[in-house]
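Residue-level listing of the chains:
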Amino acid sequence: MGHPTAGEEEYLETLYWLHEVQLPLTAANVSRAMLLSAPTVHEMVKRLEADGLISRDERKRISFTERGLSVAENVVSRHRLVERFLTDVLNIPWHEVHEEAERMEHAMSPQIEAGMRAAIGTATTCPHGHPIEVGKRVPGAPLADVEIGAKITVLRFENEAEQVLHYLYGAGVQPGLEGTVTERGEEHVAFEDAAGVTHALTISAAETVSVKADPSPPERVGLPAAVVLEQAAFGR
């Protein structure tokens, strides 16, 4: 059986992301995450199934085959590796590397991949906080759920759409940042960092920022269909 196409890898990457955030692996969720029409997604899902990368049950719920899971884990790991390399070694700002990594992740030779891994040293996450070694994800809660007065550490950004990353970058929010939640209203949430700087986000954007919080809010899963950044809405 031949190597999966770049298009198939993109879909497997999205399915793996849904798996990571504990959302159902369905064509509808893939369509939402990739901002593609249902018929387009349906055709690729059939192709993935025919190529032995996924299986579907009688209710059309998707599961990875052993081969499909291996391919998905490899492409996700390469993507995050490329992002870290571009940020740490080539000094490209972290809010500009996701789209570039999408282009590079499908065409890396083992030699290039090994060189990148050596170049990033001890780094264990991409610049958006996701583990390069998949399966090492630290549990977190959406910033939008955290109560006023709670201490937080930003873990990662669950939505890596270019516009969302630019918005978070502009707000001065990045993985590793620590602070205390100072505001939580119907439209915005804010926290103050150790330097006394206040970072304010829309509630919708704060839904996509995973944090370690003390006290931690009740656990929940699920993300909004779109992220509202002031007046504009963007998908994943």
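Note that the structure is a prediction, hence the values are computed from the model and not measured. Starting from 1, residues in each chain are numbered consecutively following that chain's sequence as written. It should be noted that, the model being predicted, local features are given only for residues of pLDDT at least 70 and side-chain atom pairs only at 80 or more, the latter also being counted only at that level, while totals for whole chains, interfaces and linings use all residues. Heavy atoms throughout the structure, all of them, feed into the side-chain values; hydrogens and water do not.

Notes on the overall build of the chain
Then step 1. Labels follow the DSSP assignment, with helices taken as runs of H or I lasting at least four residues and strands as runs of E lasting at least two, numbered in each case from the N terminus. Along the backbone of the chain there are eight helices and 10 strands.
Then step 2. A globule of 236 residues ought to have a C-alpha radius of gyration of about 18 Å, and the chain, at 18 Å, matches this closely.
Then step 3. With the principal axes as the frame, the chain shows a C-alpha extent of 55 × 45 × 30 Å.
Then step 4. Between buried and exposed lies partly exposed: a residue is buried under 20% and exposed over 50% of the maximum accessible area for its type, with that area taken using a 1.4 Å probe on protein chains only. Expressed as a percentage of its 236 residues, the buried residues of the chain come to 46%.
Then step 5. Long-range contacts, defined as pairs at least 24 residues apart, comprise 62% of the intrachain contacts of the chain with a sequence gap of at least 6.
Then step 6. Approximately 11500 Å² of the chain is accessible, and the part contributed by carbon and sulfur atoms is 52%. Computation of the radius of gyration draws on C-alpha atoms, with the globule rule given as 2.2 Å multiplied by the number of residues to the power 0.38. Here a residue-residue contact requires only that any non-hydrogen atoms of the pair lie within 4.5 Å. Shrake-Rupley sampling with a 1.4 Å probe provides the accessible areas, and residues are treated as covered by the protein chains on show and by no other component.

Focus: the confidence of the model for the chain
Then step 1. Averaged over all residues, the pLDDT of the chain is 90; the fraction at 70 or higher stands at 92%.
Then step 2. The predictor reports its confidence for every residue as pLDDT, a score running from 0 up to 100. Counted against residues more than four places away or in other chains, residues 231-236, with its pLDDT under 50, gives 19 contacts.

Details of the environment of Q174
Then step 1. In this structure, Q174 sits in the loop between α7 (162-170) and β5 (178-184).
Then step 2. Residue Q174 is classed as partly exposed on the basis of its relative accessible area, which comes to 39%.
Then step 3. Between the alpha carbons of Q174 and T153 there is a distance of 9.6 Å; along the sequence they are 21 residues apart.
Then step 4. Apart from residues no more than four positions distant in its own chain, Q174 is found in contact with W94, V154 and F157.

Here's the deal with the packing of helix α1 (residues 6-20) against helix α3 (residues 38-50)
Any two packed helices are characterised by the angle at which their axes cross and by the distance between the axes.
Then step 1. For helices, the fitted axis covers only the stretch in contact; all axes are lines through C-alpha atoms, and the angles between them, taken along N-to-C directions, range from 0 to 180 degrees. With their axes 11 Å apart at the nearest point, α1 and α3 run at an angle of 100 degrees to one another. In terms of orientation, α1 and α3 fall into the roughly perpendicular class. In this structure, α1 uses G7, E8, Y11, L12 and L15 to contact α3, whose residues at the interface are T40, V41, M44, R47 and L48.
Then step 2. Lys, Arg, Asp and Glu make up the charged group, whereas Ala, Val, Leu, Ile, Met, Phe, Trp, Tyr, Cys and Pro make up the nonpolar group; the residues left over, Gly among them, are polar. Residue composition of the contact of α1 with α3, grouped by class: six nonpolar, two polar and two charged. Angles are sorted into four bins: roughly parallel if under 35 degrees, roughly antiparallel if over 145, roughly perpendicular if 65 to 115, and oblique for all others.

Structural notes on the pairing of strand β4 (residues 151-157)
Then step 1. Of all the seven residues making up β4, five are buried; the element is thus mostly covered by neighbouring parts of the structure.
Then step 2. As paired strands, β4 and β5 are joined by three bridges and run antiparallel to one another. Counted as the bridge partner of T153 is E178 from β5. Pairs of strands are assigned from DSSP output, requiring at least two bridges between the strands.

Section: the packing of α1 against helix α2 (residues 27-34)
Then step 1. Relative orientation of the contacting elements α1 and α2 amounts to 105 degrees, with a least axis distance of 10 Å. Comparing the axis directions of α1 and α2 gives the class roughly perpendicular. Here E10, Y11, T14, L15, W17 and L18 of α1 lie close against α2, whose contacting residues are N29, V30, A33 and M34.
Then step 2. Residues of the contact of α1 with α2, tallied by class, amount to seven nonpolar, two polar and one charged.

Focus: the environment of H95
Then step 1. Tracing the backbone through its elements, the reader meets H95 in the loop between α4 (66-88) and α5 (98-104).
Then step 2. With 75 residues separating them in the primary sequence, H95 and G170 have C-alpha atoms 9.4 Å apart.
Then step 3. Contact partners of H95, with chain neighbours within four places excluded, come to L165, H166 and Y169.

Remarks on the nonpolar core
Then step 1. Each nonpolar core is a collection of buried residues, namely Ala, Val, Leu, Ile, Met, Phe, Trp, Tyr and Cys, held together in the definition by side-chain atoms within 4.5 Å. With 26 residues, the main nonpolar core has L143 and L201 as its most contacted residues.
Then step 2. Taken together, the elements giving at least two residues each to this core come down to β4, α7, β6 (188-193), α8 (203-206) and β8 (209-214).
Then step 3. Broken down by element, this core gets its largest block of residues, four residues, from α7.
Then step 4. Those residues within four positions of L143 in sequence are excluded, and the remaining contacts are I152, V181, V189, F191, L201, A206, V209 and V211.
Then step 5. Membership of the second largest hydrophobic core comes to 24 residues, among which are L12, L15, V76 and V134.

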